[in-house]
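Coordinate inspection notes
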Amino acid sequence: MAIIITDECINCGACEPECPNTAIYEGADDWRYKDGTKLRGKIVLPSGEEVDADAPFTPISDDVYYIVPGKCTECKGFHDEPQCAAVCPVDCCVPDDNYVESEETLLNRQAFLHGDE
């Protein structure tokens, strides 16, 4: 499953640089699929939806840091545990029950975002 940042976040920013997928953004900041990935231009997501990887998307939160579920892999393919949760001083990076996914799905997302790097 993806990780979510709860409203207990103190906006310290420790999690953001730790994300290998650039899936973490500061509250109110737009996000893009191209950020920190190999994705550029028109792409077809694993869900079948076509989007522009360069286009900005509306922030998921205006108040605290947030994680884009479609870019989160729980650090699978990079680390043994989610790095955001490992560095969070207030333990507000927790599993998101709305995005329960298998390890295979997470690894496939990592390959989609980064290719065979």
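To be clear, the structure that these remarks concern was listed above.
So, a few notes on the structure that sits alongside this text. It should be emphasised that the depicted structure is a prediction, and the values quoted were computed from it without experimental measurement. Per chain, residue numbering runs from 1 following the sequence as it is written. In view of the model being predicted, local features appear only for residues whose pLDDT reaches at least 70, and side-chain atom pairs are presented and counted only at 80 or more, with totals across whole chains, interfaces and linings using the full set of residues. Heavy atoms throughout the structure, all of them, feed into the side-chain values; hydrogens and water do not.

**What to know about unusual backbone geometry**
For Ala 28, which is not glycine, the phi dihedral falls at a positive 80 degrees. The cut-offs for exposure are 20% and 50% of the maximum accessible area for each residue type, with area from a 1.4 Å probe on protein chains only; residues under the lower value are buried, those over the upper are exposed, and the others partly exposed. A relative accessible area of 43% means that Ala 28 is categorised as partly exposed. Unlike most non-glycine residues, Cys 75 shows phi in positive territory, near 70 degrees. Looking at where Cys 75 falls in the secondary structure, it is placed in the loop between strand E5 (66-67) and helix H1 (83-87). By relative accessible area, Cys 75 is classed as buried at 7%. Strands are runs of DSSP state E lasting at least 2 residues, helices are runs of H or I lasting at least 4, and numbering of each runs from the N terminus.

**A short note on the pattern of salt bridges**
Opposite charge on two side chains allows them to pair when their charged atoms are near. We define a salt bridge as a contact between a side-chain nitrogen of Lys or Arg and a carboxyl oxygen of Asp or Glu at a distance within 4 Å. A full pass over the atoms with the stated rule returns 1 salt bridge. Measuring nitrogen to oxygen at the nearest pair gives 2.5 Å for the salt bridge that ties Glu 101 to Arg 109.

**Here we look at helix H2 (residues 103-114)**
Expected helix span is given by 1.5 Å per residue-to-residue step, counting one fewer step than there are residues. An ideal rise of 1.5 Å per residue puts 16 Å on 12 residues; H2 measures up with 16 Å between its terminal C-alpha atoms. Of the residues making up H2, those classed as buried are Leu 106, Arg 109, Gln 110, Leu 113 and His 114. Buried residues in H2, looked at end-on, bunch into an arc of 110 degrees, giving them a common side. Two residues or fewer after H2 comes Gly 115, characterised by a positive phi angle close to 75 degrees. Within this analysis, the arc is defined by the directions that extend from the helix axis to the C-beta atoms.

**Some thoughts on the packing of aromatic side chains**
Aromatic pairs are defined between Phe, Tyr and Trp rings, using the six-membered ring for Trp, whenever the two ring centres lie within 6.5 Å; interplanar angles under 30 degrees are classed as stacked, those over 60 as edge-to-face, and all others as tilted. All told, the structure shown has 4 aromatic pairs when counted by the stated rule. Each ring, one from Trp 31 and one from Phe 57, has its centre 4.5 Å from the other, and the planes form 20 degrees; the classification is stacked. Within this pair, whereas Trp 31 is found in the loop between strand E2 (24-25) and strand E3 (42-44), its partner Phe 57 is found in the loop between strand E4 (50-52) and E5, the two being separated by 26 residues in sequence. Residue Phe 57 is classed as partly exposed on the basis of its relative accessible area of 24%. Measuring from ring centre to ring centre gives 5.6 Å for Tyr 33 and Phe 57, while their planes differ by 90 degrees; the resulting arrangement is edge-to-face. Taken as a pair, Tyr 33 in the loop between E2 and E3 and Phe 57 in the loop between E4 and E5 lie far apart in primary sequence, 24 residues in all. On the basis of relative accessibility, which here comes to 9%, the residue Tyr 33 falls in the buried class. Ring-pair connections join several aromatic residues into one group, and the members of that group are Trp 31, Tyr 33 and Phe 57.

Just distances and angles here, no functional claims.
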